[in-house]
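Examination of the molecular architecture
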Amino acid sequence: SDTGDKASSTTKTETYDSFFYEKHANAGLMDILAWGNLTYFTVGYSFMPMDQLDLGIMYHSFTASEQGAPTAGANGSGFVDGTNTSTSKALGSEIDVTATKSYDGGFQAVARLGSFMPGAYFKDDLHKDSYMQFFLEGKMTF
């Protein structure tokens, strides 16, 4: 949980500054929302059904810390665009399913499917449909 923004004036800036943090590891894997007027919790489970294969599922629930707009993540500009007029604090929820296959020599293949279900804050104005994202990555550690 973090705080929202306060009104700024010509002599003082009181907008939220998240400074530097691991943005992709927080607030869901889809990067719809970021720190700044955000309260959320995550519940997840991961397991290895066989050597070098890791499967996982996570559920994230998002609410606004204070009345007002949340901060958009890297993929959230379509949702958090400054035009919402809702007074609801319910931002939505996200489900992420991940699979990571490791190979000898340091190579990993990662597949992820995420679904963001907008809450009342977004549904009151524009966004009524769920948003899905598929992500495929190959990485080499050396």
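Everything that follows concerns the structure shown earlier in this document.
Residues numbered from 1 in each chain as written. Predicted model: local features only at pLDDT ≥ 70, side-chain atom pairs only at ≥ 80, totals over all residues. Heavy atoms only, no water.

1. Observations regarding a nonpolar patch on the surface
Our working definition: Like-charged residues within 9 Å of one another, or nonpolar side chains (Val, Leu, Ile, Met, Phe, Trp, Tyr) within 5 Å, are grouped into patches, provided each residue has over 30% relative accessible area and no salt bridge. What sets the accessible areas is the Shrake-Rupley method with a 1.4 Å probe; for residues, cover comes only from the shown protein chains. Any Lys or Arg side-chain nitrogen found within 4 Å of a carboxyl oxygen on Asp or Glu counts as a salt bridge. Only DSSP runs of H or I covering at least 4 residues are called helices, and only runs of E covering at least 2 are called strands; the numbering of each starts at the N terminus.
A surface patch of nonpolar side chains, amounting to about 1,200 Å² of accessible area, comprises F41, V43, Y45, F47, I57, Y59, I95, V97, L113, M132, F134 and L136. Taken together, the elements giving at least two residues each to the nonpolar patch come down to β2 (39-50), β3 (53-63), β5 (90-102) and β7 (131-140). With four residues, the single largest contributor to the nonpolar patch is β2. By the element assignment, F134 lies in strand β7.

2. Details of unusual backbone geometry
Notably, N37 is not glycine yet its phi reads approximately 60°, a positive angle. Take N37: it is sitting in the loop between β1 (33-34) and β2. The backbone phi angle of Q52 is positive, close to 65°, even though this residue is not glycine. Summarising the element assignment, Q52 is placed in the loop between β2 and β3.

3. With respect to the sheet that holds strand β6 (residues 107-118)
Condition: Here, a strand pair is defined by DSSP locating no fewer than two bridges between the strands. Axes here mean lines fitted to C-alpha atoms, for a helix over just the part in contact, with angles spanning 0 to 180 degrees between N-to-C directions.
Strands sit in the order β2-β3-β5-β6-β7 across an open sheet of five strands; the sheet is antiparallel. The open sheet has two free edges, formed respectively by β2 and β7, since each of these has just one partner strand. For this sheet, the mean angle separating the axes of adjacent strands, direction not counted, is 15°. Bridge count for β6 against β7 is 10 bridges, and the pairing is antiparallel. Residue pairing across strands places A111 opposite L136, the latter belonging to β7.

4. Observations regarding the packing of aromatic side chains
Spelled out, the test is: Working definition: rings of Phe, Tyr and Trp (its six-membered ring) pair if their centres are within 6.5 Å, and the pair is stacked with planes under 30 degrees apart, edge-to-face with planes over 60 apart, and tilted otherwise. Relative accessible area decides the class of each residue, using a 1.4 Å probe on protein chains only: under 20% of the type maximum gives buried, over 50% gives exposed, and in between gives partly exposed.
With the rule as written, the count across this model stands at eight aromatic pairs. Ring geometry for F116 against F122: centres 6.2 Å apart, planes inclined by 70°, an arrangement best described as edge-to-face. The same class applies to F116 as to F122, namely buried. On the basis of an interplanar angle of 85° and a centroid distance of 5.1 Å, the ring pair of Y121 and F122 is categorised as edge-to-face. Like F122, Y121 is buried. By way of ring pairs, the aromatic residues W35, Y40, F62, F116, Y121 and F122 are connected into one cluster.

That is the geometry; function is a separate question.
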